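# Report on the structure
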Amino acid sequence: MFNRTTVLILIAALAAALGLWAAQRHFGPVTSSRWPQTQAVRLFEPARELPSFSLRQSDGTALVPGELKGHWTLVFLGFTHCPDVCPTTLAEMARAQKQWAALPEATRPRVLFVSVDPERDTPDRIGEYAHAFHRDTLAATADIPALEGFAKSLSMVFAKVPAPDGAPADQYSVDHSASMAVLDPQGRMAGIIQPPLDPKAIAADMTALTQAAAGARTE
């Protein structure tokens, strides 16, 4: 299941891209006045409910749908041995997190790093890795079937790439989607952020969305 050929990786990536395109065509950009206009975040209308999932957080506790409610959450797939995309993304998100740090903790946006390499990434390891970029970043993982289901629900993909000939077997890599899923305070798939990332624009969008959600709750 986890050892796929390059052709299968490309097919999976194409299928996910088509699924994302279809979702954008079906949901379309937000035209409702409920949310402010955004720069970096592309919102969908209506938001999409996610199927049940269960991940394991870095502190050993379960991460289930209910845990993601009450905050806007940005979800990124990756792995700790990632040479470029993952550290760059988490570093840029750390810059955005610093900019929205003044928001109330109870409603502050969250960044969730989900490792799709459970063979090497233990809960302790992903926690240390994510927190090295920003202490508030959540980190989780699961077994491969659970991760595949979770990724699919977000229109994302990942696949193991075997180590080069002659290299140790554990020197494999993992191809994965580089976009980020945007979950609303109800834990629904509400949009995406696509690279290249603009931390300042992302922080401005998430601050405005958080404030709008807080205002809607008080009405």
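Quantities reported herein were computed from a predicted structural model and do not represent experimental measurements. (Residues numbered from 1 in each chain as written. Predicted model: local features only at pLDDT ≥ 70, side-chain atom pairs only at ≥ 80, totals over all residues. Heavy atoms only, no water.)

## What about the overall build of the chain?
- For the chain, the count of helices and strands is five helices and ten strands.
- In the chain, which comprises 219 residues, the proportion classed as buried is 48%.
- Of all intrachain contacts in the chain linking residues separated by at least 6 positions in sequence, the fraction that spans at least 24 positions is 73%.
- Of the roughly 10,800 Å² that the chain leaves accessible, carbon and sulfur atoms contribute 54%. (Helix = DSSP H or I, 4+ residues; strand = E, 2+ residues; numbered from the N terminus. Buried < 20%, exposed > 50% of the residue type's maximum accessible area, 1.4 Å probe, protein only. Contact = heavy atoms within 4.5 Å. Areas by Shrake-Rupley, 256 points an atom, 1.4 Å probe, with all protein chains shown as cover.)

## Observations regarding the side chain of K160
- Mapping K160 onto the fold places it in strand 7 (residues 158-161).
- According to the relative accessible area criterion, K160 is buried, its value standing at 13%.
- A distance of 3.2 Å separates the side chain of K160 from the side chain of E119, its partner in a polar contact. (Polar contact = N/O pair within 3.5 Å; in protein donor to acceptor, adjacent residues only side chain to side chain.)

## Some points on the sheet that holds strand 2 (residues 55-57)
- In spatial order, the strands read 1-10-9-4-5-6-2-3; together these eight strands make up an open sheet with mixed pairing. Edge strands, defined here as strands with exactly one partner in the open sheet, are strand 1 (42-48) and strand 3 (62-63).
- The pairing of strand 2 with strand 3 spans two bridges and is antiparallel. For R56, the partnering residue across the bridge sits in strand 3 and is A62.
- Along the sheet, helix 2 (residues 85-99) contacts strand 4 (73-78), strand 5 (110-115) and strand 9 (180-183); its crossing angle with strand 4, the most-contacted strand, is approximately 160°.
- The strands touched by helix 4 (residues 144-153) within the sheet are strand 1, strand 2, strand 4, strand 5 and strand 6 (138-141), with strand 5 carrying the most contacts at an inclination of about 135°. (Pairing = 2+ DSSP bridges. Axes fitted to C-alpha atoms, helices over the stretch in contact; angles between N-to-C directions.)

## Notes on the side chain of S177
- As for its position among the elements, S177 is in the loop between strand 8 (173-176) and strand 9.
- According to the relative accessible area criterion, S177 is buried, its value standing at 14%.
- In terms of polar contacts, S177 uses its side chain to reach the backbone amide nitrogen of V157, at 3.0 Å.
- S177 has contacts with F76, L77, M156 and V157, leaving out every residue within four places of it along the chain.

By themselves, these observations are geometric and do not establish any function.
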